[in-house]
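Residue strings, one per chain:
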Amino acid sequence: LLAATLAATLAVAGGSRSVRAPAPRCAAAAASETLSRHELRERRRRTRLLAAELSALDVQGSVAVEYAECLTAKGIHSAADICGVDQGVLEACSIHGLDRQRLLAFSRLAALEQTAPALTSASASSPADGDAGSVGDAGSDPRCEGEGGGDTLELSVPDSLDGSRVDAALAALLPPLSRSYFGGLAADGLVLVGGGRVKKAARVRAGDSLKVWLRAERELSLVPEPLPLEVLLEDEHVVVLNKQAGLVVHPAPGHWSGTLVHGLLHRMLLQRTDATPGSAPASPSSDLLPDVSGSGLRPGVVHRLDRFTTGAIVAAKTARAQRQLMAAFAARRVWKVYLAVCVGEPHSRAVIDAPIGRHTTDRLRMAVRRGDGADAREALSVVHRIATDGRLSLVAVLLRTGRTHQIRVHLADAGHPVLGDPLYGDANWNRLEARTARRPLLHARELRLAHPHSGELLHAVAPAPDDLAAYGARLAGVSPDRFDAWAREATDAVLAEARDSFEYC
């Protein structure tokens, strides 16, 4: 029946097929689904974790459990995931009033770490953003060219903070930062309400647009943390890591600790002191990794990967390396190849040349903007289909630019969204594959670039994670343990000509 339903929904147009998932079953049928003992245990564990997370957001204990049970049953496993769900889900779980505002505010803050544009420095380019390239301009505001650098966030004042002082409102929206921290930012002209600078005592109204530039101070000091990092390549100038899913690259709202930067600082501290993990003394981050942007929040960072994107990411260990690597990314002299599992059957080769900018109504999303936005920037992706079963496909994507969420936005706009993507994906397909595609199945497989010190070619390949390897192996008709070798051969075959002509200097 499932195969018949899928076959009936195939639509063929110009050699590219977009496959629509079967319509979801009715609630009664879904509720009667029989779970295995392992699945039931896993659901209960997720429910407990989500309930604890909701309780920390001041949701009453018994109510938090009820919310968690309903949300978990609908595939929502974290309060941060609420931002991307349909409002009907919140209605179905009877989440109303202040509880809804709190949960939506928290989830939006958690999402900001993937979408907040970087602030450029007067002396250096900003780290590249999104999937693996340069970040968008910080805008025309004079503070974008001022000293210090940092991260800029755009927020909207909720009804519950109507009439609050701006410093108090920001402290409520961006915990754990304090009123005094935002008061200092306001005093330096780094807080805007409705586009104008304000003092810390200014009152805000519901719906007001807030813009704030963060900077590293005592409250945002970076403390090295022992985190598991998989190193692909390393010398005294650079380190290339295979980032795992769920790891945020650098501190941002909702993720002030436990980021890749914190783990990298700890690794550098151990190398500097030749100490054991339990005996490393504290040390300022500026002594361990370079931060030529001056923000204090991104030492060593050269480019970024989205939180749930896995794969190769390079970081600098010296100021010279950071400057040269950032310049290489900005000049498009870095070879970047991704693997993705997408819905449907795209063309065997497609060049997607479509500018990307902020979504016109949802500021947490990016979108293809064809001639209707001054903030839209050139974005070029070359997509090669390397395996398919007609329903899902494995593609290799060569990034010529690197805008925020570029691959996810381009594939979604082409009618072939990344499987498991809660922001741009197909809701029905995500629901159908929810047990095995719990994140956007996107992996930064390969980096090639000139070494910032020697000029020699630096080549790093990140093995695919288990979830993407399982899908890829099934689509390619090989065993999972053979998938990486197969993927190397498949990508080399379709990208050999482009790779041979690529300019790294």
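So, a few notes on the structure that sits alongside this text. (Residues numbered from 1 in each chain as written. Predicted model: local features only at pLDDT ≥ 70, side-chain atom pairs only at ≥ 80, totals over all residues. Heavy atoms only, no water.)

Residue Ser94 is not a glycine yet carries a positive backbone phi of 60°. As for its placement among the helices and strands, Ser94 is situated in the loop between helix H5 (87-92) and helix H6 (97-115). For Arg332, which is not glycine, the phi torsion reads 60° and is therefore positive. Among the structural elements, Arg332 can be located in the loop between helix H10 (319-330) and strand E11 (335-343). (Helix = DSSP H or I, 4+ residues; strand = E, 2+ residues; numbered from the N terminus.)

This next bit is on the environment of Tyr338. By the element assignment, Tyr338 lies in strand E11. Each C-alpha atom, one on Tyr338 and one on Arg445, is 5.1 Å from the other, the two residues being 107 residues apart in sequence.

A few words on the environment of Val89. Assignment of secondary structure puts Val89 in helix H5. For the pair formed by Val89 and Ile76, sequence separation is 13 residues and the distance between their alpha carbons is 9.8 Å. Those residues within four positions of Val89 in sequence are excluded, and the remaining contacts are Leu71, Lys74 and Ile76. (Contact = heavy atoms within 4.5 Å.)

Counted by the stated rule, this structure contains 6 cavities of 30 Å³ or more. The volume enclosed by the second largest cavity comes to roughly 50 Å³. What lines the second largest cavity is simply Val249, Leu260, Val261, Leu264, Pro299, Gly300, Val301, Val302, His303, Ile313, Val314 and Ala315. Contributions of two or more residues to the lining of the second largest cavity are made by helix H9 (260-273) and strand E10 (310-316). Its residues assigned to classes, the lining of the second largest cavity shows 10 nonpolar, 2 polar and no charged. (1 Å grid on protein atoms, 1.4 Å probe; cavity = no way out; pocket = protein on both sides within 12 Å on 5 of 7 lines; lining within 4 Å. Points joined across faces, edges and corners; volume = space filled by probe spheres on them. Nonpolar A, V, L, I, M, F, W, Y, C, P; charged D, E, K, R; others polar.)

Here we take up the state of the cysteines. Enumeration according to the criterion identifies 1 disulfide in this entry. In this model, Cys70 is linked to Cys93 through a disulfide, with the two sulfur atoms separated by 2.1 Å. Residues Cys70 and Cys93 are joined by a disulfide whose S-S torsion is about -80°; by sign, that bridge is left-handed. Of this pair, Cys70 sits in helix H4 (residues 61-73) while Cys93 sits in the loop between H5 and H6, and the two are 23 residues apart along the sequence. Cys93 carries the same exposure label as Cys70, and that label is buried. (Disulfide = S-S within 2.5 Å. Buried < 20%, exposed > 50% of the residue type's maximum accessible area, 1.4 Å probe, protein only.)

This part is about the pattern of salt bridges. In the structure shown here, the tally under the stated rule is 16 salt bridges. Here Arg205 ties to Asp162 by a salt bridge, and the two come within 3.9 Å at their closest N and O atoms. In this pair, Arg205 sits in the loop between strand E6 (196-197) and strand E7 (209-214) while Asp162 sits in the loop between strand E4 (150-156) and helix H7 (166-173), placing the two residues 43 residues apart along the sequence. Owing to a relative accessible area of 48%, Arg205 belongs among the partly exposed residues under this scheme. Note on Asp162: relative accessible area 41%, which makes it partly exposed. (Salt bridge = Lys/Arg side-chain N within 4 Å of Asp/Glu carboxyl O.)

Turning to the packing of H7 against helix H8 (residues 179-187), a few remarks are in order. At a closest axis distance of 8 Å, the pairing of H7 and H8 adopts a crossing angle of 125°. It follows from the interaxial angle that H7 and H8 lie oblique. As H7 runs across H8, the sense of the crossing is right-handed. In this structure, H7 contributes Asp167, Ala168, Leu170 and Ala171 to the contact, and H8 contributes Arg179, Phe182 and Gly183. Classifying every residue of the contact of H7 with H8 by side-chain character gives 4 nonpolar, 1 polar and 2 charged. (Axes fitted to C-alpha atoms, helices over the stretch in contact; angles between N-to-C directions. Parallel < 35°, antiparallel > 145°, perpendicular 65-115°, else oblique. Left-handed = near helix turned anticlockwise from the far one by under 90°.)

Between its first and last C-alpha atoms helix H14 (residues 483-500) spans 24 Å; for 18 residues at 1.5 Å apiece the expected length is 26 Å, and the two agree. The sharpest bend along H14 measures roughly 55° and falls at Val494. Listed as buried for H14 are Phe483, Ala485, Trp486, Ala487, Ala490, Thr491, Leu495 and Arg499. (Expected span 1.5 Å × (residues − 1). Bend = angle between axes of the 7 residues up to and from the residue.)

We now examine the pairing of strand E16 (residues 392-399). For E16, a buried count of 8 out of 8 residues is recorded, marking the element as mostly surrounded by other parts of the structure. Side chains of E16 alternate between two faces, with Leu392, Leu394, Ala396 and Leu398 and Ser393, Val395, Val397 and Leu399 buried alike. Alignment of E11 against E16, held across 7 bridges, turns out to be antiparallel. Bridge pairing links Val341 to Leu394 in E16. Sheet topology note: the strand E15 (residues 380-388)/E16 ladder contains 7 bridges and is antiparallel. The residue of E16 that forms the bridge with Ala387 is Leu394. Counting the residues that bridge the hairpin from E15 to E16 gives 3 residues, and of these Gly390 lies at a positive phi of roughly 90°. (Pairing = 2+ DSSP bridges.)

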